[in-house]
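Fold and geometry: a report
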Amino acid sequence: MPSIKCTAKLARRAGLSLPPPSEDTSDDWHANVFTFDRRFYVIFCEDRSRLTCLAGPVQKADLQDLAQVLRNALMAVLSHEGFSETSIQYALSKIEDMSMAKTNNRSVLGTMNDNIFHIETYAYQAGGVESIGLANLAATVNHMPMSPLKWKYAIEEYRRSIIHSAADTQLPS
């Protein structure tokens, strides 16, 4: 079962008590919270492809169902990127049942912190999150080459992984 691995900052903000991380799966996500213009936003980063999704502004009550927040954010990113409805539904089905745990991958945390820096920079330059939009901010960081991906784009890695895993599930055994 895939899991959302939350930072201590997000767990405190949401009032969650998290167990230590169990074994990793290929569909795990990391999540953190950050503030911009005195509002809270959640950043999600898929471990394998480093795809970034943003949600916000969020309240503490929104954080009680973090898996639904992730599904909504992922649907918005994939729609903005032009994924087909079938691909979007397949991607959402992969994260239908999710557990929660503490973070365990410093590389993914580093990617999220870099992305937060870029998101804040672009939002300030654009005059705020409302003027540029969360989908455009996510697209900005998803279309940047990333060192952990050997300088590939996160969105292309995610697209490739969705296509490969969808093909694997359709192959007869």
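Figured I'd write up the structure that's included with this text. (Residues numbered from 1 in each chain as written. Predicted model: local features only at pLDDT ≥ 70, side-chain atom pairs only at ≥ 80, totals over all residues. Heavy atoms only, no water.)

A word on the side chain of Asp-47
What counts, and what does not: The way it works is that DSSP assigns letters per residue, a run of H or I at least four long becomes a helix, a run of E at least two long becomes a strand, and they are numbered from the N terminus. Burial here depends on accessible area, computed with a 1.4 Å probe over protein chains only, as a share of the maximum for the residue type. Under 20% is buried, over 50% is exposed, and the range in between is partly exposed. By the counting rule applied here, Lys and Arg register as positive and Asp and Glu as negative, while His and the ends of each chain are not counted. Here a salt bridge means any side-chain nitrogen of Lys or Arg lying within 4 Å of a carboxyl oxygen belonging to Asp or Glu. Residue contacts are counted whenever heavy atoms from the two residues lie within 4.5 Å of one another.
Looking at the secondary structure, you find Asp-47 in the loop between β3 (39-46) and β4 (52-55). Buried within the structure, Asp-47 lacks any salt-bridge partner; its nearest side chain of opposite charge belongs to Lys-5, at an N-O separation of 4.6 Å. Discounting residues that sit within four places of it in the chain, Asp-47 has contacts with Asp-28, Trp-29, His-30 and Val-108.

So, the pattern of salt bridges
Following the criterion strictly, the structure yields eight salt bridges and no others. For the salt bridge of Arg-48 with Asp-27, the shortest nitrogen-to-oxygen distance reads 3.5 Å. Of this pair, Arg-48 sits in the loop between β3 and β4 while Asp-27 is found in the loop between α1 (8-14) and β2 (29-36), placing the two residues 21 residues apart along the sequence. Its salt-bridge partner being Lys-152, residue Glu-157 comes within 3.9 Å of it at the nearest N-O pair. Classification of Glu-157 by relative accessible area gives buried; the value is 14%. We classify Lys-152 as partly exposed; its relative accessible area is 43%.

Quick word on empty space enclosed by the protein
We count it as follows: Here the term cavity refers to a set of points on a 1 Å grid, laid over the protein atoms alone, in which a 1.4 Å probe fits but cannot get out; the term pocket refers to an open set having protein on both sides within 12 Å along at least five of seven lines, with lining residues being those that place an atom within 4 Å of a point. Grid points are joined across faces, edges and corners, and a volume is the space filled by probe spheres set on the points. Side-chain classes follow a simple rule in which Ala, Val, Leu, Ile, Met, Phe, Trp, Tyr, Cys and Pro form the nonpolar group, Asp, Glu, Lys and Arg form the charged group, and the remainder, Gly included, forms the polar group.
One pass over the structure, following the stated rule, counts one cavity of 30 Å³ or more. If you add up the space inside the largest cavity, you get close to 60 Å³. Around the largest cavity sit Asp-27, Trp-29, Glu-46, Arg-48, Leu-74, Ala-91, Lys-94, Ile-95, Tyr-158 and Ile-162, which together line it. Looking at the lining of the largest cavity residue by residue, the class counts come to six nonpolar, no polar and four charged.

With respect to the pairing of strand β1 (residues 3-6)
Side-chain positions along a regular strand alternate between the two faces of the sheet. Just so we agree on the cut-off: Here, strands pair whenever DSSP counts at least two bridges between them.
Across the two faces of β1 the burial is the same, with Ser-3 and Lys-5 and Ile-4 and Cys-6 all buried. Across four bridges, β1 lies against strand β5 (residues 99-102) in parallel orientation. Paired with Ser-3 across the strands is Ser-99, a residue of β5. Looking at chain direction, β1 and β2 are connected through three bridges and run parallel.

Points about the packing of aromatic side chains
Our working rule: Stacked, edge-to-face and tilted labels apply to pairs of Phe, Tyr and Trp rings (six-membered ring for Trp) whose centres lie within 6.5 Å, assigned for plane angles under 30 degrees, over 60, and everything in between, in that order. Think of it as a cone above the ring: NZ of Lys or CZ of Arg counts as a charge over the ring if it is within 6 Å of the ring centre and within 35 degrees of the ring normal.
Tallied over the entire structure, the rule returns three aromatic pairs. Considering the side-chain rings of Phe-34 and Tyr-41, the 5.8 Å spacing of their centres and the 25° angle between planes classify their relative orientation as stacked. Judged by relative accessible area, Phe-34 falls into the buried class, the value being 6%. Each ring, one from Phe-83 and one from Tyr-158, has its centre 6.4 Å from the other, and the planes form 55°; the classification is tilted. Here Tyr-158 lies in helix α7 (residues 154-170) and Phe-83 lies in the loop between α2 (66-80) and α3 (85-94), a separation of 75 residues in the sequence. Note on Tyr-158: relative accessible area 3%, which makes it buried. When the ring centre of Phe-40 is taken as reference, the NZ or CZ atom of Arg-13 above it lies at 3.6 Å. Its end group placed over the ring of Phe-83, Arg-159 keeps NZ or CZ at 4.4 Å from the ring centre.

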